[in-house]
Amino acid sequence: MKLKKYHILFAILFLGTVHQSNAQLSVANEAITYEELYDDPYAINKLFVHLQPLYAEVFATNLNAGFGLGANYYYKSKADFFVNFRQAYAKQFDFVRDIAEKNSAIENKANGFTYFELGGTYHIKDEESDTETKLILYSKRYQKGNRWAAQVPEHTIIPSKVRKIIGARLGGFAYDTSFDLKNVAKEQGVIIADAQGPLPSDIYYHSNMTVKGLFLGGSMGWIKNLAIKPDKGYGVLSDDLILTAFADLIIAPSMMIDDIQYRNPLPPQQIRKFSAQEIQTRKIGFRLGLEGKFNRELGWAYGAEVGSRPSVKGKGFYTMIRISLPVYSTNLDHSREAFGK
């Protein structure tokens, strides 16, 4: 008898759970109607200006973090252009520079990390196609209490358009950084010396490196630019993401390493010059990257890269993330239509 009671109780609980799940499912799957405000991935702003309060870079040559500036310009459906500049905040966020200023026994001043690039993307294929977009349904009534945080947000999937861009990238770059010459020379088995002999082994010394080169690669971009107004009290829903993935080959024909200037501690304390030209470098690298921004007059953006940058041999690996906030954008069209009375 007890076993039968347990079976009956279990069946009641199970049916109640199924009924509750079905009720929630029917609400979640309830059809909604909406008004399409716009759906045109070609109607995006032309110019985007990025203020980057933060970037962080794990670079085998020199760890650094700082701020930057950037811009994008879209020329019709033919091409787009970009520029980026980054600089370390201060020596405390520039690893080798900080160590050099605290411990270096040479006359050279450690340069701060700076990076600059200018490039463009030719749109080999730029076309629009049909797709589906998932939008989260949001209503002001969710703000009451903790309802928004306490439930799984409802969503809807609508037909939409997406712009797909296959591009060829080309540009130039330059960066300047200090690096731990003593450690690099030791790893490569290079002796830093002049006619009078090697640098003392009991001191710390660094050098500065300036690298200039080109990058060549390809990209794939996706642009959505749509907004709808659902019924039943939901707010305006939109998806205006501009997403670009890219891969580049990096070549640096110009790599300059500063000579070391060391003041001899013994009289007459002359300054001796040591060449670092024996240090091995690697002039070819690559990178993979992802960038995202939004088609808004005031928004934000993000970016990430990983790869191997032209640098001293064995010290090229890097990974970098950056945040742009705010991002200003405009379509550069200040004309107004005029109608006669």
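What comes next concerns the included structure. Because the structure is predicted, anything quoted here is derived from the model rather than measured. (Residues numbered from 1 in each chain as written. Predicted model: local features only at pLDDT ≥ 70, side-chain atom pairs only at ≥ 80, totals over all residues. Heavy atoms only, no water.)

**A short note on the packing of aromatic side chains**
For the coordinates displayed, the defined rule picks out eleven aromatic pairs. Summarising the aromatic geometry, the rings of F48 and Y74 are spaced 6.0 Å apart at their centres and angled 75° between planes, so their arrangement reads as edge-to-face. Remark: Y74 occurs in strand 3 (residues 64-75) and F48 occurs in strand 2 (residues 47-59); sequence separation between them is 26 residues. Each member of the pair, F48 as well as Y74, is classed as buried. Both rings, one in F82 and one in F215, keep their centres 6.1 Å apart while their planes meet at 25°; by these two values the pair is stacked. Pair noted here: F82 is in strand 4 (residues 79-88) and F215 is in strand 9 (residues 207-223), with a separation of 133 residues, a long-range link. With respect to burial, F82 and F215 carry one shared label: buried. The structure contains a cluster of three or more aromatic residues connected by ring pairs, namely F59, F113 and Y175. (Phe/Tyr/Trp six-rings, centres within 6.5 Å; stacked < 30°, edge-to-face > 60°. Helix = DSSP H or I, 4+ residues; strand = E, 2+ residues; numbered from the N terminus. Buried < 20%, exposed > 50% of the residue type's maximum accessible area, 1.4 Å probe, protein only.)

**Looking at the sheet that holds strand 10 (residues 226-230)**
With antiparallel pairing, the three strands of this open sheet are ordered in space as 1-10-11. Two strands bound the open sheet, and with one partner strand each, they are strand 1 (34-39) and strand 11 (237-239). Across the sheet, the mean angle from the axis of one strand to that of its neighbour is 15°, orientation sign disregarded. For strand 10 and strand 11, the ladder comprises three bridges, and the chain directions are antiparallel. Residue A227 lies in a different strand from strand 11, and its bridge partner there is S238. (Pairing = 2+ DSSP bridges. Axes fitted to C-alpha atoms, helices over the stretch in contact; angles between N-to-C directions.)

**Some thoughts on the nonpolar core**
Judged by nonpolar contacts, the single largest core of 33 residues is most densely connected at F173, Y175, L181, I192, L199, M209 and I279. Elements with a contribution of two residues or more to this core: strand 2, strand 4, strand 6 (155-179), helix 4 (181-188), strand 9, strand 12 (241-257), strand 13 (260-263) and strand 19 (317-330). Ignoring anything within four residues of it in the chain, the contact list for L199 reads I192, A193, Y205, I260, Y262 and F274. (Core = buried A, V, L, I, M, F, W, Y, C linked by side-chain atoms within 4.5 Å. Contact = heavy atoms within 4.5 Å.)

**Some remarks on helix 2 (residues 95-103)**
The set of residues buried in helix 2 consists of V96, D98 and A100. Among the structural elements, strand 6 are those in contact with the buried residues of helix 2.

**What to know about the pairing of strand 6**
With 22 bridges joining them, strand 5 (residues 114-136) and strand 6 adopt antiparallel strand pairing. Looking at the pairing, S129 lines up with V162 of strand 6. Sheet topology note: the strand 6/strand 9 ladder contains 17 bridges and is antiparallel. Across the sheet, A168 pairs through a bridge with G218, a residue of strand 9.

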